[in-house]
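# Structure assessment
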Amino acid sequence: MTRVHDMGGRFGDGAVLPEAEQPVFHTDWHARALAVTLACGALGQWNLDTSRHARERLKPTDYARFSYYEKWIAALANLLVEKGVVTRYELAGTAAPGESPLAERAMRAEAVPEILARGGPADRPSNVAARFAPGDAVRVRRPAENALVSGGHTRLPAYVAGASGRILRLHGAHILPDSNAHGLGEAPEPLYAVAFPAAALWAHPEHPADEVVLDLWQSYLEPAP
């Protein structure tokens, strides 16, 4: 299955040009797009993985032409309607907004610094035992698809499917996005940093001796033969 958002190694966008640290946002509406997305997320109607999947589910033509924050706003609009937070007509401004039962959960301006500082940790206790240790040789499962939900969200990029690498470290247990994005529970499991030679991922890398390090969940991996 081709996922338009999973572009790693397939399309060349030219050299990566470093930018100055300031200003953080190229235009004012980018900052507002981030703010309204975080504020809506605080309503508790979806999680981070659900919101990522909403961006991935945009029409391929829209995904290809939208800028970064246009993707955020388009996906947010879809989520607001899908989760019943607003109606399509309220969102379009053709109907007066009704009183929301979620009003008491609205993020207050004075709470924003603390909320941003707290972040959203994804590490969790888990009864899933670690299968691998640093130095172990592993292979990434194929195909790079959600094994729980057909066409569902996954953090496993297609370009690494079937590749062999080695475990650098165990990060502990973290929420499994493939489950969490679809309301199937957090299902935390071990998460590893895995190193791959560039030559194992692409046919003719500019620097074949380089390594690419990816954070991959245990269910994405199997022992190397």
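Refer to the preceding data block for the structure.
Presented here is an overview of the structure given in this document. (Residues numbered from 1 in each chain as written. Predicted model: local features only at pLDDT ≥ 70, side-chain atom pairs only at ≥ 80, totals over all residues. Heavy atoms only, no water.)

## Remarks on the overall build of the chain
For the chain, the helix and strand inventory stands at 8 helices and 5 strands. Counting from the amino terminus, helix and strand elements in the chain follow one another as α-α-α-α-α-α-β-β-α-β-α-β-β. By residue count, 33% of the 225 residues in the chain fall in the buried class. Sequence separation of 24 or more characterises 66% of the internal contacts of the chain that already satisfy a separation of 6 or more. Carbon and sulfur atoms form 56% of the exposed surface of the chain, whose accessible area is close to 13,900 Å². Mean positive and mean negative side-chain charge positions of the chain (22 and 26 charges, respectively) differ by 4 Å. (Helix = DSSP H or I, 4+ residues; strand = E, 2+ residues; numbered from the N terminus. Buried < 20%, exposed > 50% of the residue type's maximum accessible area, 1.4 Å probe, protein only. Contact = heavy atoms within 4.5 Å. Areas by Shrake-Rupley, 256 points an atom, 1.4 Å probe, with all protein chains shown as cover. Lys, Arg positive; Asp, Glu negative; His and termini not counted. Charge placed at Lys NZ, Arg CZ, Asp CG, Glu CD.)

## Remarks on the pattern of salt bridges
As enumerated under the stated definition, the model contains 7 salt bridges in all. Of the charged contacts in the structure, one is a salt bridge between Arg-57 and Glu-82, with a shortest N-O distance of 3.0 Å. Within this pair, whereas Arg-57 is found in the loop between helix H2 (48–56) and helix H3 (60–65), its partner Glu-82 is found in helix H4 (residues 68–82), the two being separated by 25 residues in sequence. Taking the relative accessible area as the measure of exposure, Glu-82 reaches 48% and is therefore partly exposed. The partner of Arg-124 in a salt bridge is Glu-186, and the shortest N-O contact between them spans 2.9 Å. Residue Arg-124 is located in the loop between helix H6 (112–118) and strand E1 (137–140), and its partner Glu-186 is located in the loop between helix H7 (177–180) and strand E3 (189–197); the two are separated by 62 residues in the primary sequence. (Salt bridge = Lys/Arg side-chain N within 4 Å of Asp/Glu carboxyl O.)

## Concerning the nonpolar core
Within the largest apolar cluster, 21 residues are counted, with the highest numbers of intra-cluster contacts made by Val-160, Val-194, Phe-196, Leu-216 and Leu-221. At the level of secondary structure, the elements contributing two or more residues to this core comprise E1, E3 and strand E4 (211–217). Those residues within four positions of Leu-216 in sequence are excluded, and the remaining contacts are Val-140, Leu-156, Pro-157, Pro-190, Leu-191, Tyr-192, Val-194, Phe-196 and Leu-221. Counting residues in hydrophobic clusters, the runner-up holds 10 residues, among them Cys-40, Leu-43, Leu-76 and Leu-80. (Core = buried A, V, L, I, M, F, W, Y, C linked by side-chain atoms within 4.5 Å.)

## Looking at H4
An α-helical segment advances 3.6 residues per turn. Residues three or four places apart therefore align on the same side. The end-to-end C-alpha separation of H4 is 21 Å, in line with the 21 Å expected for 15 residues at 1.5 Å each. Among the residues of H4, those classed as buried are Tyr-69, Lys-71, Trp-72, Ala-74, Ala-75, Leu-76, Leu-79 and Leu-80. Summarising the contacts, the buried residues of H4 are in contact with helix H1 (28–41), H2, H3 and helix H5 (88–92). Once H4 finishes, Gly-84 follows within two positions and takes phi at roughly 75 degrees, a positive value. (Expected span 1.5 Å × (residues − 1).)

## Some details on the packing of H1 against H4
For the pair H1 and H4, the least separation of the axes is 10 Å and the interaxial angle reads 30 degrees. Overall, the two elements H1 and H4 adopt an arrangement that is roughly parallel. Considering how the two elements wind past one another, H1 and H4 form a crossing that is left-handed. Here Trp-29, His-30, Ala-33, Leu-34, Val-36, Thr-37 and Cys-40 of H1 lie close against H4, whose contacting residues are Tyr-69, Glu-70, Trp-72, Ile-73, Leu-76 and Leu-80. (Axes fitted to C-alpha atoms, helices over the stretch in contact; angles between N-to-C directions. Parallel < 35°, antiparallel > 145°, perpendicular 65-115°, else oblique. Left-handed = near helix turned anticlockwise from the far one by under 90°.)

## Section: the layout of surface pockets
The volume enclosed by the largest pocket comes to roughly 1,500 Å³. In terms of lining residues, the largest pocket is bounded by 43 residues, among which Asn-47, Leu-48, Asp-49, Ser-51 and Arg-52 are the most central. Of all elements in the fold, only H1, H2, H4, H6, strand E2 (164–174), H7 and E4 reach the threshold of two or more residues within the lining of the largest pocket. By residue number, the principal contributor to the lining of the largest pocket is H2, which donates 6 residues. Residue composition of the lining of the largest pocket, grouped by class: 18 nonpolar, 13 polar and 12 charged. Quantified by volume, the second largest pocket comes out at close to 160 Å³. Lining the second largest pocket, in full, are Ala-198, Trp-202, Pro-205, Glu-206, His-207, Asp-210, Glu-211 and Val-212. Looking at the lining of the second largest pocket residue by residue, the classes come out as 4 nonpolar, 1 polar and 3 charged. (1 Å grid on protein atoms, 1.4 Å probe; cavity = no way out; pocket = protein on both sides within 12 Å on 5 of 7 lines; lining within 4 Å. Points joined across faces, edges and corners; volume = space filled by probe spheres on them. Nonpolar A, V, L, I, M, F, W, Y, C, P; charged D, E, K, R; others polar.)

## Describing empty space enclosed by the protein
Counted by the stated rule, this structure contains 2 cavities of 30 Å³ or more. Approximately 40 Å³ is the volume found for the largest cavity. Mapped onto the lining of the largest cavity, the elements with two or more residues apiece are H2 and H4. Per-element tally for the lining of the largest cavity: the top contributor is H4, with 4 residues. Along the lines of polarity and charge, the residues of the lining of the largest cavity split into 5 nonpolar, 2 polar and 1 charged.

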